[in-house]
Structure formats: C-alpha cells, structure tokens
Amino acid sequence: MENLKEILATPKQIGLLLGAGVSKACGLPNIYDLTIKAKELIKNEHFLDLLGDIDTVEDILNKTQQLRVLLKSGNEINSLKESDISDIEKNIKQVIFNELSIEINTENFYKLVVWLNFINRDYEKEIFTLNYDLLVEEALEKATLPYFSGFVGNVKPFFITDSVEDFQGIYVKQSFVKLWKLHGSLNFAKDKDDKIYIDNNIGESSENLLIYPSMDKYLSSRKAPYISYLDRFRKYLIDREKIVFVLGYSFCDDHINEVIVNGLSNNYRLSVIAFAYDETTFNKGKELLGSHPNFSIYTDKKKYTNRKESEFDNETNIGDFNNFISIIDEISFSKTNQE
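This is a predicted model, so every value here is computed, not measured.

1. Focus: unusual backbone geometry
Even without glycine at this site, asparagine 78 takes up a positive phi of about 55°. Positionally, asparagine 78 belongs in the loop between helix 5 (57-71) and helix 6 (82-99). One non-glycine residue, threonine 144, lies in the positive phi region at around 50°. Position of threonine 144 relative to the elements: it lies in the loop between helix 8 (135-142) and strand 3 (147-148).

Right under this line is the structure:
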C-alpha cells in the first residue's frame, strides 16, 4: 500500500480513464439500474415476449435495432411494426437521458480534479471518460479549473476537430484540463444541418449525440466528435512516460480495450493502474491485460502487479471510488500542509 500511496503522492504526468462505476458511486444509476427503469417503461406485450429475464438495457436496444432493420419493408414480427419498435427505442433512450440528468453531490469528483491538478502541476492534464453525465465538468468549475473538450464558443459552442490535437496553444492554453468524453455527453447535440455543438437545453431542433449501449456503439464511435477523442486517447497512451489510472471501468468495451492494449504494447514507459470494485472486474482486467508487465489492477484485498497476483493490505476496498478518493484526499491534504 505504501508503494501505491507514493505513486499517488508524487508529481508526475497522470491521466484518468473513468467508467460508469465512478458515477454509480456518486449516486447515478448504472446499466443494471437503467435496465430496471427501461423494462418498467415497456408496455408492449408483443415486444416483452421477445425479452429474456437477464437481458440488460444494452440487449434491449440491440433487439430494437435488429427489429427495425427487419421491419423496414413493412413486414410484421410477432404483431410488431417498425413504428412500434421506433417508439420503444426512443422512449428507452429518453429514460437513459433523464436518469443520468439528475442533480447529485459532486464533492468526490471535486476532490479528484483537485488532486489531478496538484499531481500534474508540471504536466498536461487529461481526463478520458465513458460517462454521459456532467459530474466532471461541475467539479472542474467548482474548483475553478479551466477545461477544454474540443468545443469553442459561448452561445452554442461548436466542435473543432483540429482542436483535439492542439497542444501549441492555438485554440486553448496548455494549462487547461483536457476533457475527452469518449461516449458523448448529455449536452452534446447535432442540429438538422449536422452541426455538432454544446446545448444545455436540448430541444426539438436538435438531437443528443450519446453513444447508447448497443451494438451500434462501435459504429457511432467512428463518427465525430468521438473518432477525434478515441484517436487522442490512442496517441496519449503511446506518447512519453506517464501513468493512467482506470477508475470504475468494467473492461466491457472492445474498442476501448483495444486502445489500452495498443498503448501497453507499444509504450513501455506507460503504466496503466486499474481499480476494480469487484472480483469479476478484477479477473476481466487481468484476463485482458495481465500479460503486460506495465499493467496493474487492485481490488478488495487483492492485487495483480508484474504479472503476479497477491494479497493487498488495505482496510477498505480501494476499487470503490469513494475509498479511492479518501486516500488521495488524505495525500492531497498532507502534501498541502507540508508545502
């Protein structure tokens, strides 16, 4: 534990990859919570007959997309028409959007960005997140830390592809936190002319650009702005010496896993350190990335480092985002007092 604390306390270039587990720890729903809400919403008995007991919201959206393709010619399946499926899919997506838009306390995210700013004080600061919510943005603003996500403007900030790779200060100062939302954001929108912008009041004239959990997410990730973000993540991992902390990620996105594997394989000065909430995620991470000596993963009482599994001596499960925050909060506080 002392070795890990030393890593967490020593200024160096550190990046973050955030998954749904961090938002869940702060009170937002995860995919299982969203599945319950989605199933409660569906009233069409003919569609419900096609669902299994263990189907998640991702499975449900996969089925709606498959059915829409099959029903385009005007056919019916189990008395279902294309319009029925479109309505179900639209309603499920609206539930996801609404459930992730609730107001919650961002204190732990605030502590996370304060620590990141402290530890990276001599380096560029980058956060990659798979979450749609605005918790990181709210925390950065609470800490009065300027940040940039590739959008420029004030009334309706618009996306500039070239800005994602700008580290010469053309679009944004190098001291800004760079925030790359790999699966989109609640306030990313596209208008009828396909212009991408930030809209905090998405209405009838625009559509949100979330990459919803379904088989289409891999196709969607190849579109703007996500292709730019994913390329940035790939280049970030293969460039120079750095540590990337992975928090709240379940290792279930193949396109993200591919980028991490590429970084570990091609940059021996990169260290990826993951924190898993449960043993299932721990084993998944170990299975996918454990052959790389520059990958480590921690969970409750267990760790996997240098391609070896061993016991991990810590009072609480460090894979829980709130417990992780307790440790870096203690480190940040003690360092501040010493200085």
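2. Re empty space enclosed by the protein
For the structure shown, the criterion picks out 1 cavity of 30 Å³ or more. The computed volume of the largest cavity comes to approximately 30 Å³.

3. Concerning the nonpolar core
If you look at the biggest cluster of nonpolar residues, it comprises 59 residues, and the most contacted ones within it are Phe109, Leu112 and Trp115. Here this core gets 7 residues from one element, more than from any other, and that element is helix 7 (residues 107-119). If near-sequence neighbours (up to four positions away) are discounted, leucine 112 is found in contact with Leu16, Leu18, Leu247, Phe321, Phe324, Ile325 and Ile328. Membership of the second largest hydrophobic core comes to 36 residues, among which are Phe159, Val244, Ala276 and Phe295.

4. Observations regarding the sheet that holds strand 2 (residues 125-129)
Read across the sheet, 9 strands follow the order 3-6-2-1-10-11-12-13-14 without closing on themselves; strand pairing throughout is mixed. Edge positions in the open sheet fall to strand 3 and strand 14 (308-311), since each of these has one partner strand only. Where strand 13 (residues 302-305) and strand 14 come together, 4 bridges link them in antiparallel fashion. From the neighbouring strand, lysine 302 faces strand 14, where its bridge partner is glutamate 311. Contacting strand 1 (14-18), strand 2, strand 6 (177-181), strand 10 (242-247) and strand 11 (270-275), helix 10 (residues 226-238) runs over the sheet at an angle of about 125° to strand 2.

5. Regarding the confidence of the model for the chain
For the chain, per-residue confidence averages 87 on the pLDDT scale, and 90% of positions sit at 70 or higher. Per-element mean pLDDT across the chain ranges from 50 in helix 9 (residues 217-220) up to 98 in strand 11.

6. Considering helix 11 (residues 254-266)
Given a rise of 1.5 Å per residue, 13 residues ought to cover 18 Å, and the 18 Å separating the end C-alpha atoms of helix 11 matches this to within 8%. Within helix 11, burial applies to His255, Ile256, Asn257, Val259, Ile260, Gly263 and Leu264.

7. Thoughts on the packing of helix 7 against helix 8
Taken N-terminus to C-terminus, the directions of helix 7 and helix 8 make an angle of 65°; their axes are 8 Å apart at the nearest point. Relative to helix 8, the element helix 7 is oriented roughly perpendicular. Read as a crossing pair, helix 7 and helix 8 show a hand that is right-handed. On the side of helix 7, the interface is formed by Glu107, Phe109, Tyr110 and Val113, while helix 8 contributes Leu135, Val136, Ala139, Leu140 and Lys142. Residue composition of the contact of helix 7 with helix 8, grouped by class: 7 nonpolar, no polar and 2 charged.

8. Looking at the packing of helix 5 against helix 6
Interaxial distance between helix 5 and helix 6 falls to 9 Å at its minimum, and their mutual angle equals 150°. Relative to helix 6, the element helix 5 is oriented roughly antiparallel. Read as a crossing pair, helix 5 and helix 6 show a hand that is left-handed. Of the residues in helix 6, those in contact with Val57, Ile60, Leu61, Thr64, Gln65, Leu67, Arg68 and Leu71 of helix 5 are Glu82, Ile85, Ser86, Ile88, Glu89, Ile92 and Ile96. Class assignment for the residues of the contact of helix 5 with helix 6 results in 9 nonpolar, 3 polar and 3 charged.

9. Here we look at the environment of threonine 106
Along the chain, threonine 106 falls in the loop between helix 6 and helix 7. Along the chain, threonine 106 and cysteine 26 lie 80 residues apart, while their C-alpha atoms are 7.2 Å from each other. Discounting chain neighbours no more than four positions away, the residues touching threonine 106 are Leu135, Glu138, Ala139 and Lys142.

10. Section: the layout of surface pockets
Of the voids in this model, the largest pocket is the one considered here, and its volume is about 1200 Å³. Taken together, 45 residues form the lining of the largest pocket, with Ala20, Gly21, Asn30, Ile31 and Ser250 sitting closest to its centre. Elements represented by at least two residues in the lining of the largest pocket include exactly helix 2 (20-25), helix 3 (31-41), helix 5, helix 12 (279-289) and helix 13 (321-338). The element that contributes the greatest number of residues to the lining of the largest pocket is helix 2, accounting for 6 residues. Of the residues belonging to the lining of the largest pocket, the class tally is 25 nonpolar, 12 polar and 8 charged.

About the cut-offs
Per chain, residues are indexed from 1 in the order of the written sequence. A pLDDT threshold of at least 70 governs which residues receive local features in this predicted model, and a stricter bar of 80 or more applies before side-chain atom pairs are shown or counted, although totals over entire chains, interfaces and linings include all residues. In computing side-chain values, all of the structure's heavy atoms are included and hydrogens and water are not. Each helix corresponds to a stretch of at least 4 residues labelled H or I by DSSP, and each strand to a stretch of at least 2 residues labelled E; elements are numbered beginning at the N terminus. Using protein atoms alone on a 1 Å grid, points that fit a 1.4 Å probe yet trap it form a cavity, whereas open point sets bounded by protein on both sides within 12 Å along at least five of seven lines form a pocket; residues with an atom within 4 Å of a point count as lining. Grid points are joined across faces, edges and corners, and a volume is the space filled by probe spheres set on the points. Put simply, buried Ala, Val, Leu, Ile, Met, Phe, Trp, Tyr and Cys residues joined by side-chain atoms within 4.5 Å make one nonpolar core. Residue burial is assigned from relative accessible area. The probe radius is 1.4 Å, only protein chains are included, and a residue is buried under 20% of its type maximum, exposed over 50%, and partly exposed in between. Contact between two residues is taken to exist if any of their heavy atoms lie within 4.5 Å; hydrogens are not considered. A strand pair is defined by DSSP finding two or more bridges across the two strands. Axis lines are fitted to C-alpha atoms, over the contacting stretch for helices. Their N-to-C directions set the angle, which ranges from 0 to 180 degrees. Across the chain, each position has a pLDDT score giving the predictor's confidence in that residue, from 0 to 100. Expected span of a helix, by definition, is 1.5 Å for each gap between consecutive residues, and there is one gap fewer than residues. Each angle receives one of four descriptions, namely roughly parallel if under 35 degrees, roughly antiparallel if over 145, roughly perpendicular if within 65 to 115, and oblique otherwise. Put simply, a crossing is left-handed when the front helix is turned counterclockwise from the back one by less than a right angle, and right-handed when it is turned clockwise. Ten residues, namely Ala, Val, Leu, Ile, Met, Phe, Trp, Tyr, Cys and Pro, are considered nonpolar, four, namely Asp, Glu, Lys and Arg, are considered charged, and the remaining ones, Gly among them, are considered polar.

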